[in-house]
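Here are the chains, one letter per residue:
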Amino acid sequence: MELLILPGDGIGPEITATVISCIEALDRRFSLNLQLQVEEVGLARLQKNGATMPVDLLERAKDVDGIILGPLSTASYPPAAEGGINISREFRQKLDLFANIRPSIGRTGISKYSQDMNLIIVRENTEGFLADRNMVFGCGEFMPTEDVALAVRKISASASKRIAETAFKLALNRKKKVTVVHKANSLKLSDGLFLREVRRVASSYQDIELNEVFVDAMAALLIRNPEKFDVVLTTNLFGDILSDEAAEISGSLGLAASLNEGVSQAVAQAAHGSAPDISGQDRANPTGLMLSTAMLLEWIGNKHNNLNMLEAASCFKSSIEHVLLNPDTRTVDIGGYLGTAKYGQIVAETISQP
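Because the structure is a prediction, the values reported are computed rather than measured.

What counts and how
Residues numbered from 1 in each chain as written. Predicted model: local features only at pLDDT ≥ 70, side-chain atom pairs only at ≥ 80, totals over all residues. Heavy atoms only, no water. Helix = DSSP H or I, 4+ residues; strand = E, 2+ residues; numbered from the N terminus. Rg over C-alpha atoms; globule rule 2.2 N^0.38 Å. Buried < 20%, exposed > 50% of the residue type's maximum accessible area, 1.4 Å probe, protein only. Axes fitted to C-alpha atoms, helices over the stretch in contact; angles between N-to-C directions. Parallel < 35°, antiparallel > 145°, perpendicular 65-115°, else oblique. Left-handed = near helix turned anticlockwise from the far one by under 90°. Contact = heavy atoms within 4.5 Å. Nonpolar A, V, L, I, M, F, W, Y, C, P; charged D, E, K, R; others polar. Phe/Tyr/Trp six-rings, centres within 6.5 Å; stacked < 30°, edge-to-face > 60°. Lys NZ or Arg CZ within 6 Å of the ring centre and 35° of its normal. Pairing = 2+ DSSP bridges. 1 Å grid on protein atoms, 1.4 Å probe; cavity = no way out; pocket = protein on both sides within 12 Å on 5 of 7 lines; lining within 4 Å. Points joined across faces, edges and corners; volume = space filled by probe spheres on them.

Looking now at the overall build of the chain. Secondary structure summary: the chain contains eleven helices and twelve strands in total. Taken over C-alpha atoms, the radius of gyration comes to 20 Å for the chain, in line with the 20 Å a tight globule of 354 residues would show. A principal-axis box enclosing the C-alpha atoms of the chain has dimensions of 55 × 50 × 40 Å. Across the 354 residues in the chain, those meeting the buried criterion constitute 55%.

Structure (structure tokens):
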């Protein structure tokens, strides 16, 4: 099994280093026979080689069993024509990673509102209002004049259907409840189309309850009653915003796990940014990328029916949760005392214990 590891920008190299140590511990314990390919990408590579990613990276990504991508400082990248390629966009579009799965879980002593919170936001990942990735060619955002800017929102029946299928299949093994979040009262055509396809898929899952909530109301309900939601299904931009809100409610953006998955490939990528303001200070919380990697290992295990990989993924998750239970072994952002490296060391040691 081969994993391609791309540390990224800002805090990326620091948190990725802890993930690598945990993967190595899992490899030893569960005999996974993993081969790790670590490749520098982002601003550091741009400075050395004139581009944020090597020209063969996409083809290599297609050949490995899974990808771990650290946070990227894309806002600081120059235009793509000058080497500032958004790797996340490239992967999501070119590898057809249509589903972005983002869980948020309440934890005793950490969660800010509800310790009973346990939801998954299922976000369509290829179109919507994300103008830099919703077109095959060009960008969905343009300026007819210097004082007029326009953005195209792309919603298709096919993409809406397959993300709905993903959400309902997830719900089968959870509480059998899906909440679709939309704004069809004002975005009558685009969200109306999305909602139409969701309802069609729902008709094939009679034992799953479907609820419909406007996105502005959902922003408030997540704070008021996060424990009432299970699988939350929505479009690209709405899912991006709501998942950050849910992560903060759960305790910290540093806990925000995320898996970008398609039919043949998946990318583990924490939902938070590159946090350049704390880069190099040993203050970043690597939990989000750790949990994202555990999700990736589970995806690989299911894809290949690899029981060792599934057991390793479960061990990774339980080891993280065990460490988070103790206030003395938490990172600073969630009320603890540990730096990035020490926290990663403790999780790796926990994994290694039989």
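For the pair helix H10 (residues 307-325) and helix H11 (residues 340-352), the least separation of the axes is 9 Å and the interaxial angle reads 125°. Relative to H11, the element H10 is oriented oblique. Seen from above, H10 lies across H11 with right-handed handedness. Where H10 approaches H11, its residues Cys 315, Phe 316, Ser 319, Ile 320, His 322, Val 323 and Leu 324 are matched on the opposing element by Tyr 343, Ile 346, Val 347, Thr 350 and Ile 351. Looking at the contact of H10 with H11 residue by residue, the classes come out as nine nonpolar, three polar and no charged.

Glancing now at the packing of aromatic side chains. Under the counting rule described, the total for this entry stands at one aromatic pair. Over the aromatic face of Phe 238 sits the side chain of Arg 153, whose NZ or CZ is 5.6 Å from the ring centroid.

Further remarks concern the pairing of strand S5 (residues 118-124). Put simply, side chains in a regular strand alternate between the two faces of the sheet. Counted residue by residue, S5 has six buried out of seven residues, so it is predominantly covered. Summarising the sheet, strand S4 (residues 99-105) and S5 pair through seven bridges and their orientation is antiparallel. Each bridged residue has a counterpart across the sheet, and for Arg 102 the counterpart in S5 is Ile 121.

Another point: the layout of surface pockets. Its volume calculated, the largest pocket comes out at about 930 Å³. In this structure, the largest pocket is lined by 32 residues; those nearest its centre are Ile 101, Leu 170, Glu 261, Met 295 and Glu 298. Secondary structure elements with two or more residues in the lining of the largest pocket: S4, S5, helix H5 (157-172), helix H8 (236-250), strand S11 (259-261), helix H9 (287-304) and H10. By residue class, the composition of the lining of the largest pocket is 15 nonpolar, seven polar and ten charged. When its volume is computed, the second largest pocket comes out at roughly 440 Å³. Lining the second largest pocket are 21 residues; nearest its centre among them are Leu 72, Arg 92, Gln 269, Ala 271 and His 272. Secondary-structure elements contributing two or more residues to the lining of the second largest pocket are helix H4 (87-94) and H8.

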